[in-house]
Amino acid sequence: MIVEVQLTAESYGGDCIARMPDGRALFVPFGISGEKVRVEITEEKKNYCRGKIVKVVEPSPARMVPRCPHFAECGGCHYQHLDYASQLALKQRIVLQQLERIGKLVSPPVAPIVPAPAEWNYRNTVQFSLSDIGKMSYQKANSNSLVEIRECHLPLSPINQLWPQLEIDPQAGVERVSIRCGENDDLMLGLEGTSPAAPEFEVDFPLSVVYIHPDGTVLLSGEDYSMFNILNKSFRVSADAFFQVNTAMAEKMVSHVMTLLGDRQFEHVVDAYCGAGLFSAFLAPRCKQLTGIELAESACNDYAANLEEFDHVSLYMGKVEQVLPVLEIKPDLVLLDPPRAGLDPKALEGLLKAAPQEIIYISCDPATLARDLQRLTAEGYALKNVTPFDLFPQTFHVETITMMSRVLKT
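Draft legend 1. Structural view of the overall build of the protein chain. A count of helices and strands for the protein chain gives eight helices and 22 strands. Over its C-alpha atoms the protein chain spans a radius of gyration of 23 Å, differing by no more than 12% from the 22 Å that the globule rule assigns to 410 residues. Principal-axis analysis of the C-alpha atoms gives the protein chain an extent of 65 × 60 × 35 Å. Per-residue burial for the protein chain yields a buried fraction of 52% across its 410 residues.

Draft legend 2. Looking closely at the state of the cysteines. A full pass over the atoms with the stated rule returns zero disulfides. Its sulfur unpaired, Cys 77 is 6.4 Å from the next cysteine sulfur, which belongs to Cys 74. Since its relative accessible area comes to 9%, Cys 77 is described here as buried.

Draft legend 3. Quick look at the sheet that holds strand E20 (residues 358-363). Pairing within the open sheet is mixed, and its seven strands lie in the order E18-E17-E16-E19-E20-E22-E21. The sheet terminates laterally at strand E18 (313-317) and strand E21 (381-389), the two strands that pair on one side only. In this sheet, neighbouring strand axes are inclined to one another by 15 degrees on average, regardless of whether the strands run parallel or antiparallel. Bridge count between strand E16 (residues 266-272) and strand E19 (residues 333-336): four bridges; the pairing is parallel. When the bridges of E19 are listed, Asp 271 appears paired with Leu 335.

Draft legend 4. Highlighting helix H1 (residues 84-101). Here H1 is 18 residues long and its end C-alpha atoms lie 25 Å apart, about the 26 Å a rise of 1.5 Å per residue gives. Those residues of H1 that are buried are in contact with strand E2 (9-10), helix H8 (366-378), E21 and strand E22 (399-406).

Draft legend 5. The packing of aromatic side chains, seen in detail. Evaluated as defined, the whole model comprises eight aromatic pairs. Consider the rings of Phe 228 and Phe 243, whose centres lie 4.9 Å apart with planes at 25 degrees: the pair is stacked. Of this pair, Phe 228 sits in strand E14 (residues 225-230) while Phe 243 sits in the loop between strand E15 (233-238) and helix H3 (247-261), and the two are 15 residues apart along the sequence. Phe 228 sits in the buried class, given a relative accessible area of 2%. Where Phe 235 meets Phe 243, the ring centres are 6.1 Å apart and the plane angle is 40 degrees; that geometry is what we call tilted. Here Phe 235 matches Phe 243 in class, with each residue buried. These aromatic residues form a ring-pair network of at least three members: Phe 228, Phe 235, Phe 243 and Phe 282. Lying over the aromatic face of Phe 282, Lys 233 brings its terminal NZ or CZ to 5.5 Å of the ring centre. Lying over the aromatic face of Tyr 225, Arg 236 brings its terminal NZ or CZ to 5.5 Å of the ring centre.

Draft legend 6. Highlighting the sheet that holds strand E9 (residues 146-148). Pairing is mixed across the open sheet formed by seven strands, whose spatial order is E9-E8-E7-E10-E11-E12-E13. The open sheet terminates on both sides in strands that have one partner only, identified here as E9 and strand E13 (216-221). Strand-to-strand, the axes of this sheet are offset by a mean angle of 35 degrees, without reference to chain direction. In this sheet, strand E12 (residues 208-213) lies alongside strand E11 (residues 187-192) in parallel orientation, the contact comprising five bridges.

Draft legend 7. Looking closely at unusual backbone geometry. Phi is positive for Asn 184, which is not a glycine, with a value near 60 degrees. On the secondary structure map, Asn 184 appears in the loop between strand E10 (176-181) and E11. Positive phi values are uncommon outside glycine, yet Leu 231 reaches one of about 50 degrees. Within the secondary structure, Leu 231 is located in the loop between E14 and E15.

Draft legend 8. Inspection of the environment of Arg 38 at higher detail. Looking at the element boundaries, Arg 38 is found in strand E5 (residues 36-44). Residue Arg 38 is classed as partly exposed on the basis of its relative accessible area of 35%. Taking the C-alpha atoms as reference points, Arg 38 and Val 56, 18 residues apart in sequence, are found 6.4 Å from one another. When neighbours within four sequence positions are excluded, Arg 38 is seen to be in contact with Ile 2, Val 3, Glu 4, Lys 52, Ile 53, Val 54, Lys 55 and Val 57.

Rules of the game
Residues numbered from 1 in each chain as written. Predicted model: local features only at pLDDT ≥ 70, side-chain atom pairs only at ≥ 80, totals over all residues. Heavy atoms only, no water. Helix = DSSP H or I, 4+ residues; strand = E, 2+ residues; numbered from the N terminus. Rg over C-alpha atoms; globule rule 2.2 N^0.38 Å. Buried < 20%, exposed > 50% of the residue type's maximum accessible area, 1.4 Å probe, protein only. Disulfide = S-S within 2.5 Å. Pairing = 2+ DSSP bridges. Axes fitted to C-alpha atoms, helices over the stretch in contact; angles between N-to-C directions. Expected span 1.5 Å × (residues − 1). Contact = heavy atoms within 4.5 Å. Phe/Tyr/Trp six-rings, centres within 6.5 Å; stacked < 30°, edge-to-face > 60°. Lys NZ or Arg CZ within 6 Å of the ring centre and 35° of its normal.

Here it is in structure tokens:
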């Protein structure tokens, strides 16, 4: 069935919304609010439908020709059909709408979104799956199948120079390939598989190569970590450890947090989900005691190396929801950088028990951020600042840094 509809709103996740003739919501990817489009219905449910655009009848002035031939087939990008200014405005609206609709927050203080310096070629890390014949692939949009790719415009240039040269035998036991570009354009290749036995690999130019399996890593060439320079501080990041994939925007985020804190000094700071210590390294000089909490062993090893110069820093390895509730401390500042799912209920309880005067919450999902902010505001915290950051141009993803202060005594 094909229907002609007017797209009237956007939803978090990249879809636009229209109404079916019977009133059901219709979710359509790769549209722009205000456009009239013809849509083929691909899925029908009792309360909503999904479809795909077969013709743009009345295009938006913001519509542009996508740069990549894989756009709309590959699931990596969602907004290549939008000019960058419109992408930023859309993400700004999405953050505000999520806080109002899910968080029930009235007029939340959402500041203008911080744009990325580069709209393209900004990712310092990229991960490929391998097709049945060993070709570099991404996951197909809304599917478990793969798309063999010929080009990608999101990774940094050194990564794009490397991956087309890779030849991997589909029988080698490698399921995924990651490439990370660190300081001085040093490259690290990660070969991921399930067997503890590393595959044979040869390289005739300088390149760090690590085999990553469920029980650990095997160094095949070079170093098993990358180095990153953030605001003149060096960070070691292991092959299987997380680090912000947009280096330039990581600097902007750190600078923003430091600006929010002003020139104040703190007694005790907790950095939960601290990773390799990106924020801890800048918080440590500002406090008498710093406590990091991190689950991943490799990230903990990086944290210890990156914070080695400070003797007032301690680190707990474990889940935040298990560690934070039992810490016998009363921090005056807690920084949180949880995964997409947001705060586990026990982590939230531990945070409220700790009752810090201030909270900085770094979120990669405005929906779960809104849910957690609703609880925190109900428990006596006031929003002071909400600032979105566009770490991922051409996609629907948006990071947000929120600062809260406790206004009710516990």
